[in-house]
Each structure stands twice: as structure tokens, then as C-alpha cells.
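Chain by chain, the residues:
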Amino acid sequence: QVQLVESGGGLVEPGGSLSLSCAASGRTGSIYAMGWFRQAPGKEREFVAAISWSSKTTSYADSVKGRFTISRDNAKNTVYLQMISLKPEDTAVYYCAANPSSLTLRSEAYNYWGQGTQVTVSS
């Protein structure tokens, strides 16, 4: 199995920045891609960004393009989400997920999920 632990969430003012990290352990050799999803109160969980573990190919939701950057450090088995120019609508619980087969926005393709970390954007 793969275990994922997110960290780095917190409270930030609009226009500010935060950086999230997700540390993977267990059978990490089975991971093809890792992604970030988020869920705000009363809303469905939505795709944010994903990265291929080997090629570093990335994919982003339109709502975060130009503001969020996903990256990974294979040696540390860690994926990051750098967030700048944060908006109140970015407020959500952010989840890290691991996918064994493809780079996709489909949540059902991600077999492993972290516990989530809260990001709150408010003045």
C-alpha cells in the first residue's frame, strides 16, 4: 500500500502564498502520477493539479493556472503544491492522491489519498 501525508496548510490573506507538501511512503514504486484535489464546504471534490512521477508532465485546472505550481522530488518521495495570489475561493481542504496508471483529472483513477490539509484564504 501507499501512505500519503499532507502538510503546510493554514490561514493566509488574499494575495498571499502557501506551499503544501505530500510525503509518500510504502510501495511508492507503483505510483505513476500524483495529484492534488480540493473540496470546499457544500461542493464536490475537484481536481487541482497532477504530475507524472517519471516525466514531470503536469496538468492544471483552469481555475489555478498561472497561480499554482505542482512539483515533485523523487528522492524524497514528496510532491509539492506552490500557491501564489491566493483568493478566498481557494479556501478548501486540499488532498494529495496517488495514481498507478495515468495522468488524469478523474478522481476514480487515484487509488490512495491523504487525510487532507485545510487552506483558508481570508482577510
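Residues numbered from 1 in each chain as written. Predicted model: local features only at pLDDT ≥ 70, side-chain atom pairs only at ≥ 80, totals over all residues. Heavy atoms only, no water.

Thoughts on the environment of alanine 109
Then comes step 1: Along the chain, alanine 109 falls in the loop between strand E9 (92-99) and strand E10 (112-113).
Then comes step 2: When its relative accessible area of 9% is taken as the criterion, alanine 109 is described as buried.
Then comes step 3: When near neighbours in sequence (up to four residues on either side) are disregarded, alanine 109 contacts Asn99, Pro100 and Thr104. (Helix = DSSP H or I, 4+ residues; strand = E, 2+ residues; numbered from the N terminus. Buried < 20%, exposed > 50% of the residue type's maximum accessible area, 1.4 Å probe, protein only. Contact = heavy atoms within 4.5 Å.)

Some details on the sheet that holds strand E7 (residues 68-73)
Working definition: the strands of a sheet are paired by backbone hydrogen bonds and lie parallel or antiparallel to each other.
Then comes step 1: One open sheet accounts for 4 strands, arranged E1-E3-E8-E7; its pairing is antiparallel. This sheet does not close on itself; its edge strands, each paired only once, are strand E1 (2-7) and E7. Taken pair by pair, the neighbouring strands of this sheet meet at an average axis angle of 15°, ignoring direction.
Then comes step 2: Of the strand pairs in this sheet, E7 and strand E8 (residues 78-83) are connected by 6 bridges, and their pairing is antiparallel. From the neighbouring strand, arginine 72 faces E8, where its bridge partner is valine 79. (Pairing = 2+ DSSP bridges. Axes fitted to C-alpha atoms, helices over the stretch in contact; angles between N-to-C directions.)

Focus on unusual backbone geometry
Then comes step 1: Even without a glycine there, the phi angle at lysine 56 is positive, about 70°.
Then comes step 2: One can find lysine 56 in the loop between strand E5 (46-52) and strand E6 (58-60).
Then comes step 3: Accessibility expressed as a relative area gives 53% for lysine 56, which makes it exposed.
Then comes step 4: Although it is not a glycine, serine 85 adopts a positive phi angle of roughly 50°.
Then comes step 5: If you trace the backbone, serine 85 turns up in the loop between E8 and E9.
Then comes step 6: A relative accessible area of 37% places serine 85 in the partly exposed class.

A few points about the nonpolar core
Then comes step 1: Met34, Trp36, Val79, Leu81, Met83 and Tyr94 are the most contacted members of the largest nonpolar core, which totals 35 residues.
Then comes step 2: In contact with tyrosine 94, not counting residues within four places along its chain, are Glu6, Leu20, Trp36, Phe37, Arg38, Val48, Phe68, Leu81, Met83, Gly116, Thr117 and Val119. (Core = buried A, V, L, I, M, F, W, Y, C linked by side-chain atoms within 4.5 Å.)

Some details on the pattern of salt bridges
Then comes step 1: The final tally for this structure, using the stated rule, is 5 salt bridges.
Then comes step 2: With its nearest N and O atoms 2.8 Å apart, the salt bridge here joins glutamate 46 to arginine 38.
Then comes step 3: Of the residues examined, glutamate 46 reaches a relative accessible area of 35% and is grouped as partly exposed.
Then comes step 4: Given the relative accessible area of 5%, arginine 38 is considered buried.
Then comes step 5: Among the ionic pairs, aspartate 62 bridges to lysine 65, the shortest N-O distance being 3.1 Å. Like lysine 65, aspartate 62 is exposed.
Then comes step 6: In this structure, a network of salt bridges that share partners links the residues Arg38, Glu46, Arg67 and Asp90. (Salt bridge = Lys/Arg side-chain N within 4 Å of Asp/Glu carboxyl O.)

Overview of the environment of phenylalanine 68
Then comes step 1: Note that phenylalanine 68 resides in strand E7.
Then comes step 2: The spatial distance from the C-alpha of phenylalanine 68 to the C-alpha of methionine 83 is 4.5 Å, given a sequence separation of 15 residues.

So, the side chain of threonine 117
Then comes step 1: Within the secondary structure layout, threonine 117 lies in strand E11 (residues 117-121).
Then comes step 2: Under the relative-accessibility criterion, threonine 117 is labelled buried at 12%.
Then comes step 3: Look past the residues within four positions of threonine 117 in its chain and what remains in contact with it is Glu6, Ser7, Gly8, Gly9, Leu20, Ala92, Val93 and Tyr94.

By themselves, these figures tell us nothing about what the structure is for.
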